[in-house]
Amino acid sequence: MPSLPPVIAIDGPTASGKGTVAVLVAEALGFHYLESGALYRLVALASERVGLNSSDAVALGQLSSTLSITFKDGLVLLQGEDVSTALRAEPIGKRASEVAIHPQVRAALVGLQRSFRQLPGLVADGRDMGSVIFPDASLKVYLTASVLARGQRRYKQLIAKGFSANMTDLLRDLEERDARDQTRENAPLLIAAGAKTLDTSDLSVDQAVRQVLAWYQG
Ligand code: C5P
């Protein structure tokens, strides 16, 4: 049986820098890239637009399986509309972690996530890439950083995208989101079996990328 394209799974808490590192690792290797968090953010945005309650598991599951989602040239399109910036708003991240607790939503997104596994390989980031979606990944990384370092990074990202941000609220939201992601019953955020942990609190982006590449190539 032919072997499947290789996968590097990078999981970690909110604003740990996994997206930045994952994109650069994918670029260095010429691999495809999957930002799985964007899918949960899309469900959050689309369901908010049609007025669904974030606790309505059945309706959210149905909506998740019918969304038209396109990733193109660094943009994210929902039913053809560019929602790349709208997805980054903090309330959408928070709502994403609420809709992501439902097994109906998670199940609806499994096939789409696995379809990104194409030659020459894939770098995927999220919460359950190494534990649930790609348990056979060639390399699993758990990328983390202190709450303060993550809060500062998220603050800079939001300001750079033109959103207003307040550090106290951000830190509280980060901790709430971490707690929800770590304690949910379905696919909680955890250190997957065999994963290597990388604390990036005191690392530059370049150092983190080089470490992941060294693990993969080694
Ligand atoms: O990674 P990001 O912060 O954009 O993800 C938003 C939310 O989506 C997370 O807080 C988490 O609840 C959910 N998520 C998930 N599984 C993934 C990726 C994201 O549950 N693989």
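Model, not experiment: these values are computed from the prediction.

With that out of the way, let us pick up helix α1 (residues 18-29). Look at α1: 16 Å from first C-alpha to last across 12 residues, which is about the 16 Å you get at 1.5 Å a residue. Along α1, the residues that are buried comprise K18, V21, A22, V25 and A26. Seen end-on, α1 carries its buried residues on one side only, within an arc spanning 130°. In α1, the exposed positions that point more than 90 degrees away from the buried face belong to E27 and A28. Contacts made by the buried residues of α1 are with β1 (7-11), β2 (32-35), β6 (122-126), β7 (139-144) and α9 (205-217). The positive-phi residue at the C-terminal boundary of α1 is G30, with phi of around 70°.

Summed over all chains, the structure comprises two aromatic pairs. On the numbers, 5.9 Å between centres and 80° between planes, the contact of F31 with Y216 is edge-to-face. Here the residue F31 occupies a position in the loop between α1 and β2, and Y216 occupies one in helix α9, the gap between them amounting to 185 residues. Plain terms: the ring middles of F71 and F116 are 5.7 Å apart, the flat faces sit at 80° to each other, and that makes the pair edge-to-face. Highlighted residues: F71 in strand β3 (residues 69-72) and F116 in the loop between α5 (103-114) and β6, separated in sequence by 45 residues. Using a relative accessible area of 19% as the deciding quantity, one classes F116 as buried.

Now for the packing of helix α7 (residues 147-160) against helix α8 (residues 167-183). Closest axis-to-axis distance for the α7/α8 pair is 9 Å, and the angle between their directions is 120°. Seen along the crossing, α7 lies across α8 with a hand that is right-handed. Each of V147, L148, R150, G151, Q152, R154, Y155 and L158 in α7 lies in contact with α8, whose residues at this interface are M167, L170, L171, L174, E175, R177 and D178. Looking at the contact of α7 with α8 residue by residue, the class counts come to eight nonpolar, two polar and five charged.

Time to look at the side chain of K140. Relative to the helices and strands, K140 resides in strand β7. Buried K140, no salt bridge; nearest opposite-charge side chain is D136, N-O distance 7.3 Å. In this structure the side chain of K140 is engaged in a polar contact, spanning 3.1 Å, whose partner is the backbone oxygen of G130. A distance of 2.8 Å separates the side chain of K140 from the backbone oxygen of P135, its partner in a polar contact. Residues contacting K140, with those up to four places away along its chain left out, are A9, G130, F134, P135, A192, A193, G194, A195 and K196.

So, how was this worked out
Residues numbered from 1 in each chain as written. Predicted model: local features only at pLDDT ≥ 70, side-chain atom pairs only at ≥ 80, totals over all residues. Heavy atoms only, no water. Helix = DSSP H or I, 4+ residues; strand = E, 2+ residues; numbered from the N terminus. Expected span 1.5 Å × (residues − 1). Buried < 20%, exposed > 50% of the residue type's maximum accessible area, 1.4 Å probe, protein only. Arc of directions from axis to C-beta. Contact = heavy atoms within 4.5 Å. Phe/Tyr/Trp six-rings, centres within 6.5 Å; stacked < 30°, edge-to-face > 60°. Axes fitted to C-alpha atoms, helices over the stretch in contact; angles between N-to-C directions. Left-handed = near helix turned anticlockwise from the far one by under 90°. Nonpolar A, V, L, I, M, F, W, Y, C, P; charged D, E, K, R; others polar. Lys, Arg positive; Asp, Glu negative; His and termini not counted. Salt bridge = Lys/Arg side-chain N within 4 Å of Asp/Glu carboxyl O. Polar contact = N/O pair within 3.5 Å; in protein donor to acceptor, adjacent residues only side chain to side chain.

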